[in-house]
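The primary structure of each chain is shown beneath.
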Amino acid sequence: MSTGSPRNQTLSFLMRRFGEAGIRPRTKFGQNFLIDLNLVRLLVAAAELGPDDVVLEVGTGTGSLTAMMAPLAAVVITVEVDRDMHQLASEDLAEFSNVVMIQRDALAGKNRFDPVILDEVARHLSAAPARRLKLVANLPYNIATPILTNLLATDMPPRLMAVTIQRELADRIVAQPSTKDYSALSVWVQSQCRVEIVRTMPPSVFWPRPKVHSAIVRATLDDELRGRIADRGYFHDFVRAMFFHRRKFLRSELLSANKNRLTRPQVDDLLAGLGLGPQTRAEQLDVEAMLRLCDAARVVAGD
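Residues numbered from 1 in each chain as written. Predicted model: local features only at pLDDT ≥ 70, side-chain atom pairs only at ≥ 80, totals over all residues. Heavy atoms only, no water.

J.: Let's hear about the overall build of the protein chain: which residues, and what values?
T.: For the protein chain, the helix and strand inventory stands at 13 helices and 9 strands. Over its C-alpha trace the protein chain gives a radius of gyration of 21 Å, about what one expects of a compact globule, namely 19 Å for 303 residues. Counting only C-alpha atoms, the protein chain reaches 70 × 45 × 30 Å along its principal axes. Going through the 303 residues of the protein chain one by one, you find that 54% of them count as buried. Intrachain contacts of the protein chain at a sequence separation of at least 6 include 67% that bridge at least 24 residues. Accessible area of the protein chain: about 13700 Å², with a carbon and sulfur share of 49%. Where the 38 positive side-chain charges of the protein chain centre and where its 34 negative ones centre are 4 Å apart. (Helix = DSSP H or I, 4+ residues; strand = E, 2+ residues; numbered from the N terminus. Rg over C-alpha atoms; globule rule 2.2 N^0.38 Å. Buried < 20%, exposed > 50% of the residue type's maximum accessible area, 1.4 Å probe, protein only. Contact = heavy atoms within 4.5 Å. Areas by Shrake-Rupley, 256 points an atom, 1.4 Å probe, with all protein chains shown as cover. Lys, Arg positive; Asp, Glu negative; His and termini not counted. Charge placed at Lys NZ, Arg CZ, Asp CG, Glu CD.)

J.: Give me the nonpolar core: which residues, what numbers.
T.: Counting residues in hydrophobic clusters, the biggest one holds 69 residues, and the most contacted among them are Leu56, Phe113 and Met290. If one sorts the elements of this core by residue count, helix H13 (residues 287–301) sits on top with 8 residues. Grouped together as the second largest cluster of nonpolar side chains are 27 residues, Leu39, Ala70, Val136 and Leu160 included. (Core = buried A, V, L, I, M, F, W, Y, C linked by side-chain atoms within 4.5 Å.)

J.: Before we move on, can you summarise the layout of surface pockets with the specific residues and values?
T.: Taken as a whole, the largest pocket encloses approximately 520 Å³ of empty space. Broken down by secondary-structure element, the contributors of at least two residues to the lining of the largest pocket are strand E1 (33–34), helix H2 (37–47), strand E2 (53–58), helix H3 (64–69) and strand E3 (75–80). Together, Lys110, Asn111, Thr145, Pro146, Thr149, Asn150, Arg172, Ala184, Leu185, Trp188, His236 and Arg240 line the second largest pocket. Contributions of two or more residues to the lining of the second largest pocket are made by helix H6 (144–153), helix H8 (184–190) and helix H10 (232–242). (1 Å grid on protein atoms, 1.4 Å probe; cavity = no way out; pocket = protein on both sides within 12 Å on 5 of 7 lines; lining within 4 Å. Points joined across faces, edges and corners; volume = space filled by probe spheres on them.)

J.: So what's going on with empty space enclosed by the protein? Residues and values would help.
T.: Under the counting rule described, the total for this entry stands at 2 cavities of 30 Å³ or more. Every element with two or more residues in the lining of the largest cavity is listed here: strand E6 (160–166) and strand E9 (214–221). For the lining of the largest cavity, the residue count by class is 7 nonpolar, no polar and no charged. A volume near 40 Å³ is recorded for the second largest cavity. Forming the boundary of the second largest cavity are Ile229, Ala230, Asp231, Tyr234, Phe235, Leu291, Cys294, Asp295 and Arg298. Across the lining of the second largest cavity, the residue classes break down as 6 nonpolar, no polar and 3 charged. (Nonpolar A, V, L, I, M, F, W, Y, C, P; charged D, E, K, R; others polar.)

J.: Break down the sheet that holds strand E5 (residues 132–138) for me, with residues and values.
T.: With mixed pairing, the 7 strands of this open sheet are ordered in space as E4-E3-E2-E5-E6-E9-E7. At either end of the open sheet lies a strand with only one pairing partner, and these are strand E4 (99–103) and strand E7 (193–201). The sheet shows a mean angle of 20 degrees between the axes of neighbouring strands, direction not considered. In the sheet, E6 pairs with E9 via 7 bridges, with the strands oriented antiparallel. The residue bridging Met161 from the neighbouring strand is Ala219, located in E9. (Pairing = 2+ DSSP bridges. Axes fitted to C-alpha atoms, helices over the stretch in contact; angles between N-to-C directions.)

J.: Quick rundown of the packing of aromatic side chains? Include the residues and the values.
T.: For the coordinates displayed, the defined rule picks out 4 aromatic pairs. Between Phe18 and Trp207, the ring centres sit 5.5 Å apart and the planes meet at 80 degrees, which makes this aromatic pair edge-to-face. In this pair, Phe18 sits in helix H1 (residues 11–21) while Trp207 sits in strand E8 (residues 206–207), placing the two residues 189 residues apart along the sequence. Their ring planes at 35 degrees and their centres at 6.4 Å tell us that Trp188 and Phe235 sit as a pair that is tilted. In this pair, Trp188 is assigned in helix H8 and Phe235 in helix H10, connecting sequence segments 47 residues apart. (Phe/Tyr/Trp six-rings, centres within 6.5 Å; stacked < 30°, edge-to-face > 60°.)

J.: Any details on the pattern of salt bridges? Residues and values, ideally.
T.: Once the charged atoms of two side chains with opposite charge are near each other, the side chains can pair. This structure, assessed with the given rule, holds 20 salt bridges. The salt bridge partner of Asp223 is Arg159, with a shortest N-O separation of 2.8 Å. One end of the pair, Asp223, is in helix H9 (residues 223–227); the other, Arg159, is in the loop between H6 and E6, and 64 residues separate them in sequence. A relative accessible area of 47% means that Asp223 is categorised as partly exposed. (Salt bridge = Lys/Arg side-chain N within 4 Å of Asp/Glu carboxyl O.)

Here it is as structure tokens:
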């Protein structure tokens, strides 16, 4: 064990620990440590952890958040890409028998989770019938979007995600139609989850200080919402295609995304059948309308 508890992740504690270990935060891994303990506690509270929860944490850091969660959950699986940081956290988390530490990149490429991590999650979920997965993490900015979107694309999505992310990304997740932040990410997450911003945070609560504001976001899985999606992979690709050029009319996006599969008359008939005019844009459609459009296009295209 180190001389300090990971539950005391203050600026002075971090600087001392890093000095002892001869390391420093690494920008390429998006290492910005939350040094306001009240906000760390708020993040844990937002996760509503219980004894049946299998927690996935991406970005172990010094283990401060991990140590707060371990007494509350069945298992905490924490992933850290930085070898030095993994070693430092291993020393501070040695007392917890229910913490599983993995030193590797959580992502196997941009569009999917590392299967080793998913296998570990599945193993712990299967240990008891009541177990459920939750993602709780101070996510590095550079991987936050693929972490959130790829987990929702799997067959074992988190029942709840409580994460700190860039404020700009948080605004996109909760955005409503016809606003500047509404995007494919908004539709994808809201098509499966109830989402909310729990708290916004200034750069001063992190070390090193990022250049942007952050937010704690909570997304709670809704089985009824998720059950409406006939093919999640198809819907995910479809939504991204509809927002690829967000200012283009929906008619043009449908034709571009379905070359050699949909003709202009078919697209016109499809839009008319849904009550959508020729000058409708993707950003005007709510989740329900996007689901209907996707299903209709899929039927006409024969996919």
